[in-house]
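# Tertiary structure, described
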Amino acid sequence: METMKEYAARRKKELSALASPCLRKPTLSIFQVGHDAGSDAYIKGKIKDAAEIGFLAIHRWFDETTSEGELLAAVEKDAIDEGIDGIIVQLPLPKTIDESRISKSIPLEKDVDGFIFDSPYWPCTPKGIVDYLAAAGFDFRGKNATVLGRSNIVGKPMARILLSKDMNVTVLHSKTSEDDKRFYLAHADLVVSAIGRLGYLDGRFDFKKSAYLIDVGINRGEDGKLHGDILPGRDVAYQSPVPGGVGLLTRLALMENVYEAYSRRNK
Ligand code: NAP
């Protein structure tokens, strides 16, 4: 089975081959207001990925004093710009700006983050995971999936997409009892953990030997390094690493969505 790193590298090369004959580069516009350490790093990664593949990523940065109206006007300009295929607004935004009002100004066909209800694109983290599992030949149909976390960007869309792949899906959250977590995790063929708790899934929880464990969590440990939600080294069919795992798939999925947006607009 290809590692997530190998898979992401292969798909990037394939996207690059698809992009090279394009009349213009598939183009992503990234809006950011102010600075946030996480956002700065994510945007740098997106610009690097786009450049490596042969896409264009335009970083539209605004200072902290930017008003909602000014940001809205700038997004609306890109919304009607024929040269822009995808638009993303990097979160968090300052509290003075209504996030939902800005995201509603992105036309569905340019919503490559897939955050808007009815977007034609899957949100990037769930998309990256499902595409990877499908490429690895994972058999979704009729199998049990247990998703930990119910956020709007990971847990909920993950559950919805796995359901669309004919899995039996259970979503666990902070109000789920530990006994129930043990039960549902022990029965899962696929576990997706997106809770943001370092090593929360430890020896208290048993998994099937045939289970696939997908770790979305990114947690900074006392050692200063990044760790997942699941303690490494479980005796299962597959356990994804952190770092070098789902983060790479998320980045890749954004580029896949940008290419899809370009293709839809240039049929
Ligand atoms: P979030 O919005 O904070 O949501 C966390 C979810 O986990 C909530 O639904 C919460 O339940 C649940 N939860 C918290 N503690 C729990 C526990 N002990 N048992 C069961 N459920 C628990 O987080 P998020 O944005 O979804 O991100 C989750 C993690 O994934 C973070 O570490 C984040 O950094 C990482 N992440 C990684 C990527 C990537 O590309 N690798 C992408 C996105 C996010 P309630 O709803 O009951 O509060």
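Residues numbered from 1 in each chain as written. Predicted model: local features only at pLDDT ≥ 70, side-chain atom pairs only at ≥ 80, totals over all residues. Heavy atoms only, no water.

### Description of the packing of helix α5 (residues 124-135) against helix α6 (residues 155-164)
Test applied: To get an axis, a line is fitted to the C-alpha atoms, and for a helix only the part in contact is used. The angle between two axes follows their N-to-C directions and goes from 0 to 180 degrees. Here a helix means four or more residues in a row that DSSP labels H or I, a strand means two or more in a row labelled E, and each is numbered from the N terminus. By convention the crossing between two helices is left-handed if the near helix lies anticlockwise of the far one by an angle smaller than a right angle, and right-handed if it lies clockwise. We call two residues in contact whenever any of their non-hydrogen atoms come within 4.5 Å of each other. Nonpolar residues are Ala, Val, Leu, Ile, Met, Phe, Trp, Tyr, Cys and Pro. Charged residues are Asp, Glu, Lys and Arg, and all others, Gly as well, are polar.
Packing of α5 against α6 leaves a shortest axis separation of 8 Å and a crossing angle of 35°. The way α5 lies across α6 gives a crossing that is right-handed. Here α5 contributes P126, I129 and V130 to the contact with α6, which in turn contributes P157, M158, I161 and L162. For the contact of α5 with α6, the residue count by class is seven nonpolar, no polar and no charged.

### Structural notes on the domain arrangement of the protein chain
Applied cut-off: What marks off one domain from the next here is an automatic or database domain assignment. Values labelled buried area give the accessible surface lost by two parts on being combined, using a 1.4 Å probe and summing over both. The term salt bridge refers to a side-chain nitrogen of Lys or Arg lying within 4 Å of a carboxyl oxygen of Asp or Glu. Whenever two N or O atoms come within 3.5 Å, that pair is a polar contact, provided that in protein one can donate a hydrogen and the other can accept it, and provided that, for residues adjacent in sequence, both atoms are side-chain atoms.
According to the domain assignment, the protein chain contains domain 1 (4-115 + 248-262) and domain 2 (124-243). The partner domain 2 presents 13 residues to the 13 residues of domain 1 that form the contact. Regarding the contact of domain 1 and domain 2, the summed buried area is about 1000 Å², with carbon and sulfur atoms giving 73% of it. Together, M4, Y7 and T250 form the three largest contributors to the area buried by domain 1 at its contact with domain 2, with a combined 48%. The interface formed by domain 1 and domain 2 includes zero salt bridges. The interface formed by domain 1 and domain 2 contains one residue pair in polar contact (both at pLDDT 80 or more). Looking at the side of domain 1 that touches domain 2, the elements that each hand over two or more residues are α1 (4-19) and α8 (246-265). Among the elements that make up the side of domain 1 that touches domain 2, the one with the highest residue count is α8 (six residues). Split by residue class, the side of domain 1 that touches domain 2 holds eight nonpolar, two polar and three charged.

### Considering the site of the ligand
Formally: Near is defined per residue: the residue qualifies when any heavy atom it owns lies within 4 Å of the molecule or strand.
Around the ligand, 21 residues are found, and the nearest of them are R150, S151, S174, K181 and T250. Within the side chain of S174, one N or O atom sits 2.5 Å away from an oxygen atom of the ligand. Between the ligand and V216, the relevant distance is 3.4 Å, taken from a nitrogen atom to a main-chain nitrogen or oxygen of the residue. Considering each element in turn, the shell around the ligand owes the most residues, three residues, to α8. Across the shell around the ligand, the residue classes break down as eight nonpolar, 10 polar and three charged.

### Some points on a nonpolar patch on the surface
For clarity, the threshold we go by: Patch building starts from residues that exceed 30% relative accessible area and form no salt bridge, then joins like charges within 9 Å and nonpolar side chains (Val, Leu, Ile, Met, Phe, Trp, Tyr) within 5 Å. To measure how exposed things are, a 1.4 Å probe is used in the Shrake-Rupley method; for residues, cover is taken only from the protein chains shown.
A cluster of nonpolar side chains, namely L91, F115 and I153, defines an oily patch on the protein surface of about 250 Å² accessible area. For F115, the location among the structural elements is in the loop between α4 (99-104) and α5.

### Thoughts on the sheet that holds strand β7 (residues 212-215)
Where we set the bar: Note on pairing: DSSP must find at least two bridges between two strands before they are called paired.
Overall, parallel pairing links the five strands, which are arranged β5-β4-β6-β7-β10 in an open sheet. Lying at the two open borders of the sheet, with one neighbouring strand each, are β5 (168-172) and β10 (238-239). Strand direction decides the pairing type here: strand β4 (residues 144-148) and β5, joined by five bridges, are parallel. Looking at the pairing, A145 lines up with V169 of β5.

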